[in-house]
Amino acid sequence: MQFFPLKEGSYSVDASKKFIPFDPDIHTPQERPGSLFIHVQPFLVKTSTDLILFDAGLGFKNDQGELIIYQNIRNAGFDPEDVTLVLMSHLHYDHTGGLIVERDGKFEPSFPSAEHVIQRGEWETAFSGKSTSYKQAIFEVLQRSVNLTFIEGSGELKPGITYELSGGHCQFHQVFLIHEGDEKIFFGGDELPEPEQLLRKFIAKYDFDGRKAMELRDGFGKKAFEENWLCLFYHAKTTPAGYVKYANESFTVVPA
């Protein structure tokens, strides 16, 4: 298998939940008091049968007016229409903005030929309107325009692709494990979003179930070590993918 980080960029997020591009070469955190700073990085994985996109970023465009995720897919040696599977960990805006694209004043799916795989409960939550973390307009476009596969709980999507309803970061969050030959690739979405979260135990207020999310990170880290998973980190600052090591009750991550 091959994997390709599709780094979209770094952003500050204030109380309005608006994502503003943040370039540390020209911006400083002091200029944006009260903001959180995050890094956004979808992934492509090429297997013998599929070109898989894990989550879709914010949908920002480059200076030429093209989706950054399109540019990154082409830089990896593929065309956006080559994507056959879009596997969604959850549907918060920073993971779904790139699922649609504006053309001539109309919104269209970014990957119209791909199968989009989503937990049914997450889809229903996204449409409920109870959280501003979801943008309903995105899902309205998808509902009428793409092949949607709704799954429930944990199971096997197809040979070599399993999913687990994890439910820590949000109630219907899921993680994926791709297994081909001797290789295993794990995508933890926002249950294991960056290597640094393995290095310390903490309960985050932004998680649906902070304690469960903390326990999941620990459990996934240990399984990654025991089974030699290659872990893909969606919100990583510097290490997009790596192998987890565990010794003396502490983790380290070796970059891939």
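Below is a summary of the structure that appears in this document. What you see is a predicted model, and the numbers here were worked out from it, not measured in a lab.

### Some thoughts on the overall build of the protein
Logical step 1: Of the regular secondary structure elements, the protein holds five helices and 18 strands.
Logical step 2: Relative to a compact globule of 256 residues, whose C-alpha radius of gyration would be 18 Å, the protein shows 17 Å and is just as compact.
Logical step 3: Overall, the C-alpha framework of the protein stretches about 55 × 50 × 35 Å when taken along its three principal axes.
Logical step 4: Taken as a whole, the protein presents about 12300 Å² of accessible surface, with 49% of it coming from carbon and sulfur.
Logical step 5: Across the protein, the mean location of the 25 positive side-chain charges is 4 Å away from that of the 37 negative side-chain charges.

### A short note on the packing of helix H3 (residues 120-128) against helix H4 (residues 136-145)
Logical step 1: Interhelical geometry of H3 versus H4 gives an angle of 125° and a closest axis separation of 9 Å. Regarding the angle of H3 to H4, the classification is oblique. Both H3 and H4 take part in a crossing whose hand is left-handed. Along its contact with H3, which presents Trp-123, Ala-126, Phe-127 and Ser-128, the element H4 presents Gln-136, Phe-139, Glu-140, Leu-142 and Gln-143.

### Examining the pattern of salt bridges
Logical step 1: Following the criterion strictly, the structure yields seven salt bridges and no others.
Logical step 2: Residues Asp-50 and Lys-158 are paired through a salt bridge, measuring 2.6 Å at the closest nitrogen-oxygen approach. Of this pair, Asp-50 sits in the loop between strand S5 (43-46) and strand S6 (51-54) while Lys-158 sits in strand S12 (residues 155-158), and the two are 108 residues apart along the sequence.
Logical step 3: Its relative accessible area of 8% is what places Asp-50 among the buried residues.
Logical step 4: On the accessibility criterion, Lys-158 (29% relative accessible area) is partly exposed.
Logical step 5: Ionic pairing is found between Glu-66 and Arg-74, a salt bridge with its closest N-O pair at 2.1 Å.

### A short note on empty space enclosed by the protein
A probe as big as a water molecule, rolled over the atoms, marks out the empty space that is left.
Logical step 1: Here the structure, examined in full by the defined rule, presents one cavity of 30 Å³ or more.
Logical step 2: Here the largest cavity is characterised by a volume of approximately 30 Å³.
Logical step 3: For the largest cavity, the full set of lining residues is Leu-6, Glu-8, Pro-42, Ala-56, Gly-57, Ile-68, Ile-69 and Asn-72.
Logical step 4: Tallied by class, residues from the lining of the largest cavity come to five nonpolar, two polar and one charged.

### Remarks on the layout of surface pockets
Logical step 1: Looking at the largest pocket, its volume works out to about 1000 Å³.
Logical step 2: What lines the largest pocket is a set of 36 residues, among which His-92, Asp-94, His-169, Asp-190 and Tyr-206 lie closest to the centre.
Logical step 3: Contributing elements (two or more residues each) for the lining of the largest pocket: strand S4 (36-40), helix H2 (93-96) and H3.
Logical step 4: Of the residues in the lining of the largest pocket, the class split is 14 nonpolar, ten polar and twelve charged.

### So, the sheet that holds strand S16 (residues 230-232)
Logical step 1: Pairing within the open sheet is mixed, and its seven strands lie in the order S12-S13-S14-S15-S16-S17-S18. Either end of the sheet is taken by a strand with one partner, and the two such strands are S12 and strand S18 (250-255). Pairs of neighbouring strands in the sheet enclose a mean axial angle of 30°, with direction left out of account.
Logical step 2: With respect to the sheet, helix H5 (residues 210-227) is in contact with strand S13 (161-165), strand S14 (174-180), strand S15 (183-187), S16, strand S17 (241-247) and S18, its orientation differing from that of S17 by roughly 95°.

### Concerning the side chain of Ser-89
Logical step 1: With respect to the helices and strands, Ser-89 occurs in the loop between strand S7 (85-87) and H2.
Logical step 2: Residue Ser-89 is classed as buried on the basis of its relative accessible area of 1%.
Logical step 3: Reaching out from Ser-89, the side chain makes a polar contact with the side chain of His-90 at a distance of 2.8 Å.
Logical step 4: Excluding residues that lie within four positions of it along the chain, Ser-89 makes contacts with Asp-55, His-95, Phe-172, His-173, Gln-174, Phe-176, Phe-187 and Gly-189.

### Here we look at the sheet that holds S5
Logical step 1: Here we have six strands laid out as an open sheet, ordered S1-S5-S6-S7-S10-S11, and mixed in their pairing. Looking along the sheet, the strands with just one partner apiece sit at the ends: strand S1 (2-5) and strand S11 (147-151). With strand direction ignored, the average angle separating the axes of adjacent strands in the sheet is 20°.
Logical step 2: Inspection of the sheet shows S6 paired to S7 by three bridges, in the parallel sense. Looking at the pairing, Phe-54 lines up with Leu-87 of S7.

### Some thoughts on the nonpolar core
Logical step 1: In terms of nonpolar packing, the biggest core is built from 31 residues, with Leu-44, Leu-53, Val-83, Phe-111 and Leu-142 touching the most fellow members.
Logical step 2: Looking at this core, the elements that each hand over two or more residues are S6, helix H1 (68-75), strand S8 (100-103), H3 and H4.
Logical step 3: Per-element tally for this core: the top contributor is H4, with four residues.
Logical step 4: The next biggest cluster of nonpolar side chains, apart from the first, holds 24 residues, and it includes Phe-54, Ile-151, Ile-185 and Leu-232.

Quick notes on the rules
- Residues numbered from 1 in each chain as written.
- Predicted model: local features only at pLDDT ≥ 70, side-chain atom pairs only at ≥ 80, totals over all residues.
- Heavy atoms only, no water.
- Helix = DSSP H or I, 4+ residues; strand = E, 2+ residues; numbered from the N terminus.
- Rg over C-alpha atoms; globule rule 2.2 N^0.38 Å.
- Areas by Shrake-Rupley, 256 points an atom, 1.4 Å probe, with all protein chains shown as cover.
- Lys, Arg positive; Asp, Glu negative; His and termini not counted.
- Charge placed at Lys NZ, Arg CZ, Asp CG, Glu CD.
- Axes fitted to C-alpha atoms, helices over the stretch in contact; angles between N-to-C directions.
- Parallel < 35°, antiparallel > 145°, perpendicular 65-115°, else oblique.
- Left-handed = near helix turned anticlockwise from the far one by under 90°.
- Contact = heavy atoms within 4.5 Å.
- Salt bridge = Lys/Arg side-chain N within 4 Å of Asp/Glu carboxyl O.
- Buried < 20%, exposed > 50% of the residue type's maximum accessible area, 1.4 Å probe, protein only.
- 1 Å grid on protein atoms, 1.4 Å probe; cavity = no way out; pocket = protein on both sides within 12 Å on 5 of 7 lines; lining within 4 Å.
- Points joined across faces, edges and corners; volume = space filled by probe spheres on them.
- Nonpolar A, V, L, I, M, F, W, Y, C, P; charged D, E, K, R; others polar.
- Pairing = 2+ DSSP bridges.
- Polar contact = N/O pair within 3.5 Å; in protein donor to acceptor, adjacent residues only side chain to side chain.
- Core = buried A, V, L, I, M, F, W, Y, C linked by side-chain atoms within 4.5 Å.

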